[in-house]
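Residues per chain, in single letters:
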Amino acid sequence: MQDPIVVTGLGAVTPLASGVQANWRRLMAGESGIRRNDRFDTLGWKCRIAGLVPPAGETADGFDPETAMSPQELRKTDLFIHYAMAAADEALRQAGWQPQDPGGRSRTATLIGTGVGGVPAITGATETIRTAGVRRLSPFVVPSFLPNLAAGQVSIRYGFHGPSGAPVTACAASAQAIGDAMRLIRSGEADIALCGGAEACVDPVAIGGFTAARALSFGFNEDPAGASRPFDAAHDGFVLSEGAAMLVIERLSHAQVRGATPLAVVSGYGTTTDAHHVTAGWEDGREAARAMEMALAMAGLAPGEIGYVNAHATSTPVGDAAELQALTRVFGADGGGVPVSSTKSATGHMLGAAGAIEAVFSVLALRDQRLPAGLNIDTPMEAAAGFDLVRGQARAAEVNHVLSNAFGFGGVNAALIFSRPASLSPHR
């Protein structure tokens, strides 16, 4: 029998809060992390809202960067690395994994995906050249924005000498990081991995670019909390957000030897490519569905055994409709009655970190047997008629397996399945 791969640590920094438990508490309470964008002057901009990580002092669970890195380190690195370091520290602490021996360090992989890396550092460097000249650039500017430097900085901090990687596959990046980490462990190249994603691109270039692409929500500037509304008839685009989320995963036997507590099993993973369009998937969801089917096959599960789907749904009319078609292909008419919601309704779209935070929420749904509600589903879109949308408030449910989807520009599809540890599940 194959040695299962289990989750033993979680970390999160999001627009809801800093810290996994604070995030989960606010999500279960139906709160939103979307607010007016004060990161830069948005006067005259079509989109004036964003999902911003709350700073320490603003809320009880705000983010204090100096708990993650020293002031000197902070000056040399971009914001996405700050978030990554904080989430990594939390996950590793929960897992109890900070090995001092060469063997443990050499068998630890670090895979942290991102959609765009350090955009603020890049745009800041461009402005420095324009206003002060190229000689004023910091020698740290390039390593501050390179996409793989979240994984690089974390591995340097903890001395992890195993494989390191940084999938840069748009909004599927961190889901693929988890899947890649799973494969490394299965192949025997690592015993344990820190994996997830980080993003911090609430920046004029990113906001302006997504605005030009007509991808962002423009109609809820006066009601930020109502802007992210996956599967609702009034959805008009996604809300750009930031943050990081990390998981520690390892072979069950490895966890048992060191006395770590399994939180969930990473039981299935599938990834495909649409090869269709740069920004839109197939309308019928064919390749997204195939990724889910691959994950089900790896997990050895029938569709009817999935108790909850944390959908990728970003709140764009085209994307939400395509995912519903994909779910219908996999589960049958109207999604076969499986409960569905998208936690992006609370966090906004964290791009390359989205898959990881939704993986964290999936594990917590299994732990607490509670399904997060989709916010702002006042009138379900026509294509969602008949689907069991979890809305209004969180729902208690017996759930043994959760499917979490992540789809990205370029046609990348990734699906992960998390299951309750066997000792907790009477059905498997």
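This one's a predicted model, so the numbers in the text were calculated from it and none came from an experiment.

## Topic: the side chain of His 349
Note that His 349 resides in the loop between helix H13 (344-347) and helix H14 (354-368). Exposure remark for His 349: the relative accessible area of 2% places this residue in the buried category. Contact partners of His 349, with chain neighbours within four places excluded, come to Cys 171, Phe 238, Val 239, Leu 240, Ser 241, His 312, Thr 314, Lys 344 and Ala 354.

## Brief notes about helix H12 (residues 317-331)
For H12, spanning 15 residues, the distance from its first C-alpha to its last is 21 Å, which sits close to the expected 21 Å at 1.5 Å a residue. The first or second residue beyond H12 is Gly 332, which carries a positive phi of 105 degrees.

## Focus on the state of the cysteines
Under the counting rule described, the total for this entry stands at zero disulfides. Between Cys 47, a cysteine without a disulfide, and Cys 201, which holds the nearest cysteine sulfur, the sulfur-to-sulfur distance is 12 Å. Judged by relative accessible area, Cys 47 falls into the buried class, the value being 3%. Here Cys 171 stays unpaired: no disulfide links it, and the sulfur of Cys 201, its closest cysteine neighbor, is 8.9 Å away.

## Thoughts on the pattern of salt bridges
Opposite charge on two side chains permits pairing when their charged atoms draw close. Under the criterion given, the structure shown has 22 salt bridges. With a shortest N-O distance of 2.9 Å, Arg 229 and Asp 232 are connected by a salt bridge. For the pair formed by Arg 229 and Asp 232, the shared burial category is buried. Here the residues in one salt-bridge network are Asp 3, Arg 107, Asp 191 and Arg 251, joined through shared partners.

## So, the pairing of strand S15 (residues 412-419)
Along a regular strand, successive side chains alternate from one face of the sheet to the other. Counting buried positions along S15 yields eight of eight residues, so the element is predominantly enclosed. Neither face of S15 is left uncovered, since the one carrying Val 412, Ala 414, Leu 416 and Phe 418 and the one carrying Asn 413, Ala 415, Ile 417 and Ser 419 both have all their residues buried. Pairing of strand S8 (residues 264-273) with S15, which is carried by eight bridges, proceeds in the antiparallel orientation. Bridge pairing in S15 places Val 265 opposite Ser 419.

## Some words on the pairing of strand S7 (residues 243-251)
Burial within S7 is extensive, with eight of its nine residues counted as buried. By the bridge criterion, eight bridges tie strand S1 (residues 5-13) to S7 in an arrangement that is antiparallel. Across the sheet, residue Val 6 finds its bridge partner in S7, namely Glu 250.

## Focus on the layout of surface pockets
Estimated volume of the largest pocket: approximately 640 Å³. Lining of the largest pocket is provided by 35 residues; of these, Thr 279, Ala 280, Thr 316, Gly 319 and Phe 409 occupy positions nearest its centre. If you list the elements that add at least two residues to the lining of the largest pocket, you get H12, strand S14 (401-408) and S15. It is H12 that provides the largest number of residues to the lining of the largest pocket, a total of six residues.

## Some thoughts on the sheet that holds S8
Ordered by their spatial adjacency, eleven strands build an open sheet running S5-S4-S6-S7-S1-S8-S15-S14-S9-S10-S12, and the pairing between neighbours is mixed. One side of each edge strand has no neighbouring strand; the edge strands of this open sheet are strand S5 (164-165) and strand S12 (388-389). As paired elements, strand S4 (residues 108-113) and S5 share two bridges and run parallel to each other. Among the inter-strand pairings, Leu 111 is bridged to a residue of S5, identified as Gly 165. Its contacts with the sheet put helix H3 (residues 79-95) on S1, strand S6 (192-199) and S7, and the angle it makes with S1 is roughly 135 degrees. Along the sheet, helix H8 (residues 173-187) makes contact with S1, S4, S6, S7, S8, S14 and S15, crossing S8 at roughly 115 degrees.

## Points about the environment of Ile 49
Locating Ile 49 in the fold gives a position in strand S3 (residues 49-51). With a relative accessible area of 1%, Ile 49 lands in the buried category. Sequence separation between Ile 49 and Ile 34 is 15 residues, and the spatial gap between their C-alpha atoms is 7.0 Å. Excluding its chain neighbours within four sequence positions, the residues that come into contact with Ile 49 are Ile 34, Arg 35, Arg 36, Asn 37, Phe 220, Asn 221, Pro 224, Ala 227 and Val 239.

## Thoughts on the environment of Ala 326
In this structure, Ala 326 sits in helix H12. Accessibility expressed as a relative area gives 0% for Ala 326, which makes it buried. Distance in space between the C-alpha atoms of Ala 326 and Ile 185 is 29 Å, their sequence separation being 141 residues. Those residues in contact with Ala 326 that sit more than four places away from it in its chain are Asp 284, Gly 285, Ala 288, Ala 289 and Met 292.

## Focus: the nonpolar core
In this structure, Val 7, Leu 10, Leu 247, Ile 249, Val 360 and Phe 418 are the most contacted members of the largest nonpolar core, which totals 54 residues. Looking at this core, the element that brings in the most residues is H14, giving nine residues. With residues near it in sequence (within four places) discarded, Phe 418 still touches Val 7, Leu 247, Val 265, Val 266, Ser 267, Ala 359, Ser 362, Val 363, Leu 366, Asn 400, His 401 and Val 402. Ala 87, Leu 92, Ile 112 and Leu 194 belong to the second-largest nonpolar core, a separate cluster that totals 32 residues.

## Remarks on the packing of aromatic side chains
Evaluation of the coordinates by the stated rule reveals six aromatic pairs. Seen from their ring centres, Phe 210 and Phe 238 are 5.2 Å apart, and the 75 degrees between their planes marks the pair as edge-to-face. Of this pair, Phe 210 sits in helix H9 (residues 204-212) while Phe 238 sits in the loop between H9 and S7, placing them 28 residues apart in sequence. One aromatic cluster in this structure is built from Phe 210, Phe 238 and Phe 409. In this arrangement the basic side chain of Arg 286 is found over the ring face of Trp 282, its NZ or CZ atom lying 3.7 Å from the centre.

Basis of the calculations
- Residues numbered from 1 in each chain as written.
- Predicted model: local features only at pLDDT ≥ 70, side-chain atom pairs only at ≥ 80, totals over all residues.
- Heavy atoms only, no water.
- Helix = DSSP H or I, 4+ residues; strand = E, 2+ residues; numbered from the N terminus.
- Buried < 20%, exposed > 50% of the residue type's maximum accessible area, 1.4 Å probe, protein only.
- Contact = heavy atoms within 4.5 Å.
- Expected span 1.5 Å × (residues − 1).
- Disulfide = S-S within 2.5 Å.
- Salt bridge = Lys/Arg side-chain N within 4 Å of Asp/Glu carboxyl O.
- Pairing = 2+ DSSP bridges.
- 1 Å grid on protein atoms, 1.4 Å probe; cavity = no way out; pocket = protein on both sides within 12 Å on 5 of 7 lines; lining within 4 Å.
- Points joined across faces, edges and corners; volume = space filled by probe spheres on them.
- Axes fitted to C-alpha atoms, helices over the stretch in contact; angles between N-to-C directions.
- Core = buried A, V, L, I, M, F, W, Y, C linked by side-chain atoms within 4.5 Å.
- Phe/Tyr/Trp six-rings, centres within 6.5 Å; stacked < 30°, edge-to-face > 60°.
- Lys NZ or Arg CZ within 6 Å of the ring centre and 35° of its normal.

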